[in-house]
Amino acid sequence: MGFRCGIVGLPNVGKSTLFNALTATNAALVANYPFATIEPNLGRVPVPDPRLVTLANLAKSAKITPTQLDFVDIAGLVKGASQGEGLGNKFLAHIREVDAIAHVLRCFEDGGIIHVSGKPDPDADADVVDTELMIADLDSLERRIDGMTKLARGGDRDAKARLAVAERILVALRAGTPARAVAIAEAEHGFLKELQLLTTRPVLFVLNVDETGLKGNDLVARAEELARKQGAQSVRICAAFEMELAEIADAEERQAFLSELGLAEPGLNRLIRSGYALLDLVTFFTVGPTETRAWTIKRGAAAVEAAGSIHTDFARGFIRAETTSYADYVACGGEQGAKDAGKYRLEGRDYVVKDGDVIYFRFNV
């Protein structure tokens, strides 16, 4: 099961530098001119989770495999993108393929790096991207509404329900409110997903700063206030520093480099975890002498779905999920200790998997 987080923003805000740091590669072209990125770059990134090492040590595992997220570096959007400016229609199509958006805002001044509007302005820059996404959604929805209306007038009950949802979203978009802010009932989520609207994607604001900006500046303060108003999370990242850090292979040297800025860990770790939380994901573990591995599922997923994320046969022949919470597994010193303490549970296919569950699946095909 893949989960994609798209990196978006205006040209020259640091998207490709951030992507390269995330993936510890030079896969994305970094250049000081607009539209250096045309086709989206895709990178798979391990999610940092210290629980893996603890579990592996208890089980004496030979191998550790973290769970992963896909980050997609999407070309810069400009004003008029929804009408095709800057190859905008192509870029907007790429956004439809992601599950969440990491919106990069440039929060530093540098006369040597071109800004498409002349100077960084978090509010105005965010508004350009948000407006283009909403215009694209309006155009998409308005083209569908006539067909829905005709079906609804013909007495199609399902069409009437869909039309009611579409009209609520249209009202919001015309008022400058993204679709994700519209209250949608559980029964309506399926239809909303079918619409493939850009502004339904949850958003995380990534504030790209210089090294001094890690402690804050006026642009950072404005960007963080913008995020608060939208009910979104924000993360401060110095993409240039993270890129340098990613190129250091020696662990001690990396830690020394971090310490120079008073940082306990790379900012990218916080960004990855924030992206993971934004997608509303949880982690469960499989543990044994061969491998300790983290797996990703949507919050609220049942045990049979978790089994299927490992292999379709696990779901097809599901018998039970032998489960221990992470806390109990560690406190009891491993699987046998958890069994002895009565903390080892036998769960059925409908059990809702919790973050940190250690699971052994029994199946028969």
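Parameters at a glance
Going along each chain's sequence as written, the residues are numbered from 1 onward. Restriction of local features to residues with pLDDT of at least 70 applies here, the model being predicted, together with a cutoff of 80 or more for giving and counting side-chain atom pairs; totals for whole chains, interfaces and linings are based on all residues. The basis for every side-chain value is the complete set of heavy atoms in the structure, and neither hydrogens nor water enter the calculation. Aromatic rings from Phe, Tyr and Trp, taking only the six-membered ring of Trp, are treated as a pair when their centres fall within 6.5 Å; an angle between ring planes under 30 degrees marks them as stacked, one over 60 as edge-to-face, and anything in between as tilted. Counting from the N terminus, the helices are DSSP H or I runs at least four residues long and the strands are E runs at least two residues long. Burial classes: relative accessible area under 20% of the type maximum marks a residue as buried, over 50% as exposed, and values in between as partly exposed (1.4 Å probe, protein chains only). For a ring to carry a charge above it, either NZ of a lysine or CZ of an arginine must fall within 6 Å of the ring centroid while also lying within 35 degrees of the normal to the ring plane. Two strands qualify as a pair provided that DSSP identifies no fewer than 2 bridges between them. Lines fitted to C-alpha atoms define the axes here, with helix axes fitted over just the stretch in contact, and angles between the N-to-C directions of these axes take values from 0 to 180 degrees. Two residues form a contact once any of their heavy atoms are found within 4.5 Å. Multiplying 1.5 Å by the helix residue count minus one yields the expected span of that helix. Throughout this description, a polar contact denotes any pair of N or O atoms lying within 3.5 Å of each other; where both atoms belong to protein, one of them has to be capable of donating a hydrogen while the other can accept it, and for residues adjacent in sequence the pair is counted only when both atoms sit in side chains. Each angle is binned into one of four classes, with values under 35 degrees roughly parallel, values over 145 roughly antiparallel, values of 65 to 115 roughly perpendicular, and all other values oblique. Polarity classes work like this: nonpolar for Ala, Val, Leu, Ile, Met, Phe, Trp, Tyr, Cys and Pro, charged for Asp, Glu, Lys and Arg, and polar for all others, with Gly in that last group. By definition, pLDDT measures how confident the predictor is in each residue, and it falls between 0 and 100. Each patch is assembled from residues with relative accessible area greater than 30% and no salt bridge, linking like charges that lie within 9 Å and nonpolar side chains (Val, Leu, Ile, Met, Phe, Trp, Tyr) that lie within 5 Å. Each accessible area value is a Shrake-Rupley result obtained with a 1.4 Å probe; residue values ignore everything except the protein chains displayed when judging cover. In what follows, salt bridge is the name for a side-chain nitrogen of Lys or Arg lying within 4 Å of a carboxyl oxygen of Asp or Glu. The charged-residue count follows a simple rule in which Lys and Arg add positive charge and Asp and Glu add negative charge, with His and chain termini not counted at all. Every charge is mapped to an atom, namely NZ of Lys, CZ of Arg, CG of Asp or CD of Glu.

Caption draft 1: Spatial organisation of the packing of aromatic side chains. Applying the stated criterion across every chain yields a total of seven aromatic pairs. Their ring planes at 85 degrees and their centres at 6.0 Å tell us that Phe-284 and Phe-361 sit as a pair that is edge-to-face. Here Phe-284, found in strand S8 (residues 281–287), pairs with Phe-361, found in strand S12 (residues 358–363); they are 77 residues apart in sequence, far enough to count as distant. The pair Phe-284 / Phe-361 is uniform in exposure class, with both members buried. In this structure an aromatic cluster arises from ring pairing among Phe-284, Trp-295, Phe-314, Phe-318, Phe-361 and Phe-363. A cation sits over an aromatic face here: Arg-51 above Tyr-326, 5.9 Å from the ring centre. Sitting over the face of the ring of Tyr-344, Lys-339 holds its NZ or CZ atom 4.8 Å from the ring centroid.

Caption draft 2: Examining the side chain of Thr-65 more closely. Relative to the assigned elements, Thr-65 resides in strand S3 (residues 64–65). By relative accessible area, Thr-65 is classed as buried at 16%.

Caption draft 3: Focus on the sheet that holds strand S7 (residues 233–237). Strands sit in the order S2-S4-S1-S5-S6-S7 across an open sheet of six strands; the sheet is mixed. The open sheet has two free edges, formed respectively by strand S2 (41–46) and S7, since each of these has just one partner strand. Taking each pair of neighbouring strands and ignoring which way they run, the sheet shows an average axis angle of 25 degrees. Where helix H10 (residues 267–278) meets the sheet, its contacts fall on S2, strand S4 (68–73), strand S5 (100–106), strand S6 (203–208) and S7, and the angle it forms with S7 comes to roughly 160 degrees.

Caption draft 4: Fine view of helix H5 (residues 157–174). Under the 1.5 Å per step criterion, the end-to-end length of H5 is 26 Å for 18 residues, consistent within 8% with the ideal 26 Å. Listing the buried residues of H5 in full gives Ala-159, Leu-163, Val-165, Ala-166, Ile-169, Leu-170, Ala-172 and Leu-173. Considering only its buried residues, H5 is in contact with helix H4 (122–153) and helix H6 (189–195). Downstream of H5 by one or two residues, Gly-176 has phi in the positive range, about 85 degrees.

Caption draft 5: Structural view of the side chain of Asn-208. Counting through the fold element by element, Asn-208 comes out in strand S6. In this structure the side chain of Asn-208 is engaged in a polar contact, spanning 2.8 Å, whose partner is the backbone oxygen of Val-13. Discounting residues that sit within four places of it in the chain, Asn-208 has contacts with Val-13, Gly-14, Val-104, Leu-105, Arg-106, Cys-107, Phe-108, Ile-237, Cys-238 and Ala-239.

Caption draft 6: Representation of the pairing of strand S9 (residues 292–298) within the structure. Judged by how many residues are buried, S9 sits mostly within the fold: five of seven residues are covered. Two strands pair when backbone bridges link them, and S3 and S9 are joined in this way by two bridges, in the parallel orientation. Bridge pairing links Ile-64 to Thr-292 in S9. Judged from the seven bridges that link them, S8 and S9 form a sheet pairing that is antiparallel. Looking at the pairing, Thr-283 lines up with Thr-296 of S9. Hairpin connection between S8 and S9: a loop of four residues separates the two successive antiparallel strands.

Caption draft 7: Layout of the packing of helix H1 (residues 15–23) against H10. Relative orientation of the contacting elements H1 and H10 amounts to 95 degrees, with a least axis distance of 10 Å. The orientation of H1 relative to H10 falls into the category roughly perpendicular. From H1, Leu-18, Ala-21 and Leu-22 reach across to H10, where they touch Leu-268, Leu-271 and Ile-272. Taken together, the residues that form the contact of H1 with H10 break down as six nonpolar, no polar and no charged.

Caption draft 8: Focus on unusual backbone geometry. Despite not being glycine, Gln-196 shows a phi value in the positive range, around 55 degrees. With a relative accessible area of 32%, Gln-196 lands in the partly exposed category.

Caption draft 9: Representation of the packing of H4 against helix H7 (residues 218–229) in the model. Between H4 and H7, the shortest axis-to-axis distance is 9 Å and the interhelical angle comes to 45 degrees. When the interaxial angle is binned, H4 and H7 end up oblique. Facing H4, whose interface residues are Pro-122, Asp-123 and Ala-126, H7 presents Leu-219, Arg-222, Ala-223 and Leu-226. The class makeup of the residues in the contact of H4 with H7 is five nonpolar, no polar and two charged.

Caption draft 10: View of H7. Here H7 contains 12 residues, and its C-alpha end-to-end distance of 17 Å stays within 8% of the 16 Å for a straight helix at 1.5 Å per residue. Taking the backbone nitrogen of Leu-219 as reference, a side-chain oxygen 3.0 Å away marks Asn-217 as the first, capping residue of H7. A positive phi of about 70 degrees marks Gly-231, the residue just after H7.

Caption draft 11: Local environment of the confidence of the model for the protein. The predicted model of the protein averages 86 in pLDDT, with 90% of residues at 70 or higher. The low-confidence segment residues 26–38, where pLDDT is below 50, has 41 contacts with residues more than four positions distant or belonging to other chains.

Caption draft 12: The arrangement of a negative patch on the surface in detail. Side chains of Glu-211, Glu-244, Glu-247 and Glu-260 sit close together on the surface and give a patch of like negative charge. Topologically, Glu-247 is positioned in the loop between helix H8 (239–246) and helix H9 (251–260).

Caption draft 13: Here's a closer look at the pairing of S2. Every second residue of S2 is oriented toward a common face, the buried set being Asn-41, Gly-43 and Val-45 and the non-buried set Leu-42, Arg-44 and Pro-46. Of the strand pairs in this sheet, S2 and S4 are connected by six bridges, and their pairing is antiparallel. When the bridges of S4 are listed, Pro-46 appears paired with Gln-68.

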